[in-house]
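Overview (structure and organization)
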Amino acid sequence: MNRDGQPQLDAMSSEFVAEIKDDLAGLEPDLLAMEEKGADVDDDLINHAFRAIHSIKGGAGFIDFKALSSLSHAMENVLMRVREKKLVITSSIVDALLSGFDKMKLMVDLLGTDKICDHEKETAALENILKIEKEEKEDKNQVQQVDEKPEKALEVLTPLGDSPYFEGKTFFVDKSRLATALGSQKFIYAVHIRFEEDLKIRKKEPAAMLEDIESIGDVLYSGLDESPFYCVISTILDLPLLSQVLEIDVSQMALMDKQFTDCEKILKSISEKAVLSFGEAGKESNGQPLASETQKEEEATSVTTDLQIQPAPSSAKNGQNIRINVDLISKLMSRAGELVLSRNQLRSFMETEAAENTRASHMMQDLDMVTTDIQEAIMQMRMQPVNDLLSKYKRVVRDIARRMGKKVDLVLEGAEVEVDRNVLEKLANPLTHLIRNSVDHGIESPEERQNEGKPEIGRILIKTAHQGGHVHIEISDDGAGIDPQLILSKAFEKGLVSEDQVNRLTDKQKVDLIFMPGFSTSQEITDISGRGVGMDVVKTNIERLRGQIEIESVMGEGTTIQLIIPLTLAIVPSLIVSSGESKFAIPQANIKEVIFLEPGKIHEQVGNIAGSEVLRLREHLVPILRLRNVLGLKTYIQPTGKTQKLEEKRKAIADRRQEAMPIEKPEKRVKRNDRRKVKWDSNYVILLKLGANLFGLCVDELHDIEEVVVEPLNEYIKHLKCFAGATILGDGDVIMILDVPGIAAFSSLKFDTIKKEEIKQNQLREKAEENKGETKDLIVFCNAQKEYFAMELKRVSRLEPVNPSSIHHTDTLKYLEYNHQAVLLYSMEEFLPASPCDQSGDQVFVIFPKNLSSRVGIMASKIVDTIQTNEKISKDAACPDSVLGKLFVDDRMIQVLDHEKIILLIEKKTNPERSS
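As a starting point, this report considers the structure included with it. (Residues numbered from 1 in each chain as written. Predicted model: local features only at pLDDT ≥ 70, side-chain atom pairs only at ≥ 80, totals over all residues. Heavy atoms only, no water.)

1. Let's talk about helix H18 (residues 484-493)
Looking at H18, one finds that the buried residues are Pro484, Ile487, Leu488, Lys490 and Ala491. Buried residues of H18, seen end-on, are gathered within an arc of 165 degrees and therefore sit on one face of the element. Buried residues along H18 sit against helix H19 (507-511). Where H18 starts, the residue carrying a side-chain oxygen 3.1 Å from the main-chain nitrogen of Gln485 turns out to be Asp483. Two residues or fewer past H18, Gly495 is found with a positive phi of approximately 75 degrees. (Buried < 20%, exposed > 50% of the residue type's maximum accessible area, 1.4 Å probe, protein only. Helix = DSSP H or I, 4+ residues; strand = E, 2+ residues; numbered from the N terminus. Arc of directions from axis to C-beta. Contact = heavy atoms within 4.5 Å. Polar contact = N/O pair within 3.5 Å; in protein donor to acceptor, adjacent residues only side chain to side chain.)

2. Concerning the nonpolar core
In this structure, Leu27, Met34, Leu68 and Met104 are the most contacted members of the largest nonpolar core, which totals 64 residues. In this structure Leu27 touches Ala49, Ala52, Ile53, Met75, Phe101 and Met104, once residues within four positions along its chain are discounted. Core analysis: the next-biggest nonpolar cluster, separate from the first, contains 46 residues, Val471, Ile482, Leu505 and Ile514 among them. (Core = buried A, V, L, I, M, F, W, Y, C linked by side-chain atoms within 4.5 Å.)

3. A word on the packing of helix H15 (residues 393-404) against helix H16 (residues 421-442)
Taken N-terminus to C-terminus, the directions of H15 and H16 make an angle of 30 degrees; their axes are 10 Å apart at the nearest point. Here H15 is positioned roughly parallel relative to H16, judged by the angle of their axes. Classified by chirality, the crossing of H16 by H15 is right-handed. Across the interface between the two elements, Tyr393, Val396, Val397, Ile400, Ala401 and Met404 from H15 touch Leu427, Ala428, Leu431, Thr432, Ile435, Arg436, Val439 and Asp440 from H16. (Axes fitted to C-alpha atoms, helices over the stretch in contact; angles between N-to-C directions. Parallel < 35°, antiparallel > 145°, perpendicular 65-115°, else oblique. Left-handed = near helix turned anticlockwise from the far one by under 90°.)

4. Points about a nonpolar patch on the surface
Among the surface-exposed residues, Ile324, Leu328, Leu332 and Met381 lie close enough to one another that they form a single nonpolar patch of about 310 Å² accessible area. Residue position: Leu328 is located in helix H12 (residues 326-353). (Patch = residues over 30% accessible without salt bridge, like charges linked within 9 Å, V, L, I, M, F, W, Y side chains within 5 Å. Areas by Shrake-Rupley, 256 points an atom, 1.4 Å probe, with all protein chains shown as cover. Salt bridge = Lys/Arg side-chain N within 4 Å of Asp/Glu carboxyl O.)

5. Side note on the packing of aromatic side chains
Counted according to the given criterion, the structure contains 4 aromatic pairs. Taking the centre distance of 5.2 Å and the plane angle of 35 degrees together, the rings of Tyr818 and Phe848 count as tilted. Placement of Tyr818 in strand E33 (residues 813-818) and of Phe848 in strand E35 (residues 844-849) is noted, with a sequence separation of 30 residues between them. Overall, the relative accessible area of 2% leaves Phe848 in the buried class. In this structure, Arg83 is placed above the aromatic ring of Phe50, and the distance from its NZ or CZ to the ring centre is 4.5 Å. (Phe/Tyr/Trp six-rings, centres within 6.5 Å; stacked < 30°, edge-to-face > 60°. Lys NZ or Arg CZ within 6 Å of the ring centre and 35° of its normal.)

6. A short note on the packing of helix H2 (residues 43-62) against helix H3 (residues 66-83)
Relative to each other, H2 and H3 sit at 155 degrees, their axes nearing to 9 Å. With respect to H3, the element H2 is oriented roughly antiparallel. Both H2 and H3 take part in a crossing whose hand is left-handed. Contacts between H2 and H3 involve Ile46, Asn47, Ala49, Phe50, Ile53, His54, Ile56, Lys57, Ala60 and Gly61 from the former and Leu68, Ser69, Ser72, His73, Met75, Glu76, Leu79, Met80, Val82 and Arg83 from the latter. Here the residues of the contact of H2 with H3 sort into 11 nonpolar, 6 polar and 3 charged. (Nonpolar A, V, L, I, M, F, W, Y, C, P; charged D, E, K, R; others polar.)

In structure tokens, the structure reads:
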């Protein structure tokens, strides 16, 4: 012990301290679960908590830490009364137990230092619980009226088995008490206590030992005056736990055989084989005098029962786990990283120097497999379930809610998901801020919730799931939600938003203002919130983890916060890309897909919205960035057949990609230098995931996928947003690892604006689809220059090219000799408002419509094309009756003819008498 009464720690003591910390870690969740279940708490949960506190007491006793031993003993006494169903769990009892837990945790943290902490207040609170329970029990006994003496009967128990401690032993027990114990599904044990060894070593008298036994169950028989000392006890403790509590080897105990757990069978057996019954007047129930004590014993020894007791095994299966120092795991992880780096370098060497050596290739494959296995095994050692962190927040939510007079239920889903220990540690502070905010700002008071028609108890859900190489953590509540206008007003008051920004922000952007430094909506400073420090720190900490945070909120319904965190920060599979003469690594977990923009069609796939370039991808608009523009790099292009590289000049990917020509020769920049259609002009777009959003990063070249070892940035450049770290490739090159969220933030991508435009375009597309009619095949022709008409192809029987000199004129009529017959020709100006048909060319065309009674053709100066369309043909007031409507194709206005009405006009003009 040191001068302050703290135990001195050696190597062995440190092991016990580690065990105590493990037991403490599991104790708090048990206490909170017990409070939640209240009177319905199950025995397994109580047993688990009791084992933990008993182990803590035992460890404290071993290292002679008396203060911790005393406090844990007081907590153990309270839990024992709960186990015996003599205390019902309430919030006040859990408050006392949690206060004791907090003090024990502080005591353990101070071990090895000169600091000490008192525990009198916590111990007194625990003892007061037992005192109140005892007083209530005494009052109940005093009030209880006994109308008649209960029937008392004795039952004989004869322990059977191989244990030498119980050979030939017979115990008389109270029949009613035995029946009560069996009806409560309790265990019945015979316990053998040795005066010399057990009592003397513990420096206890038999009465003191019996008092310890009575504290954990109902003593059905005790032989205080006997040597050795025997007793029979009914308890809910299982054999290993009973052995721990009494500090007696299990070989000195005998347990009831499991085949007799049927209570009715046992009670029937007891009723049939009870050897003695006492009446009020010292007579048996049949009126005969009682037998003598000697006769009792003789009869008792001759009775056999179906209730058997047998010794339990004295050894348990050894544990399969060992304790490993975290620093050792970190060192192994570092060495694994160096091994991966060496493997990559060797692989690069083998590919260039020994690619054809089969034996060397097989050796490389074996080394690759072993390296991967080692890396994965060490990574697994570092992985911990998220529940190790999330379960601690049950206490945080409970304490804050009680302090604020709120009722909140915390629900965890997917807490078994595992994350790198380093990531988990760095998540603690951000999650604490978010959960506190949910209770403080999100969940309303019980009265407010009832007025709004909500359940009195608020709900906070933390949902965790794996997705790709990331962990998605969703924190949602069913509270009041976030008022975007209130956020904006507060930000404007604090000078965080300029006046010209006020009317330009979307609701999402207004909510995101809470991430600005110094922002707070609290009216007063409390120990929970209101200092203006929180969400900006949360975002910074999440981004340091190469993670992302998104907030969605609906007024009156609640708020959802989405965190996306990488599984590990140590070794990351990455795609190596290059822009200009520089290489970079992009974590593979951030990549959704890689897109190749086909040369010559870039201007069709890429557009511009609100100053941002967007890629049209499967009916979606995705913002894209050029890596060279983001990082300010010079990139070069090398045309086919040329040895000299030319500097890339365009600012946007869809710009005209003209060569770098001298200023004094602008006439050389002709259309043939537009390099959007040149095959060597390749463009790769890496589609990257950023929460629920996507954006593209344009690079010049793709290389291999490598597992890179992440090295943190030097303090002089760690402020750069676009980089998450550095790494060394297999060829020895040092390259930067790109930070996807950092690039998006640095470039101020306008996801909301682009999404609105996408919705608008989709609506227009849907409207256009609705307006589309039946698909038609049309033949488009000209009457005069730039005057276009169309007929349905199925209404045309034949199309003939004709030399204008072959046309014969009679007054105003035009004829063509066709198959030795005269064919009357008309042009569109004879039926519609149109210019005269242009016959100045080398040929004209004659269209023969179907369903005419005589041979007639329609002249066309030129056949433009045949098209297929389902566009709805629009008709305005200026359209003649014989025109279905107008259609716009490739900047041409085409008048679509109504075949039936054109036929009637032709018939009327050809045979006026018949038409009349």
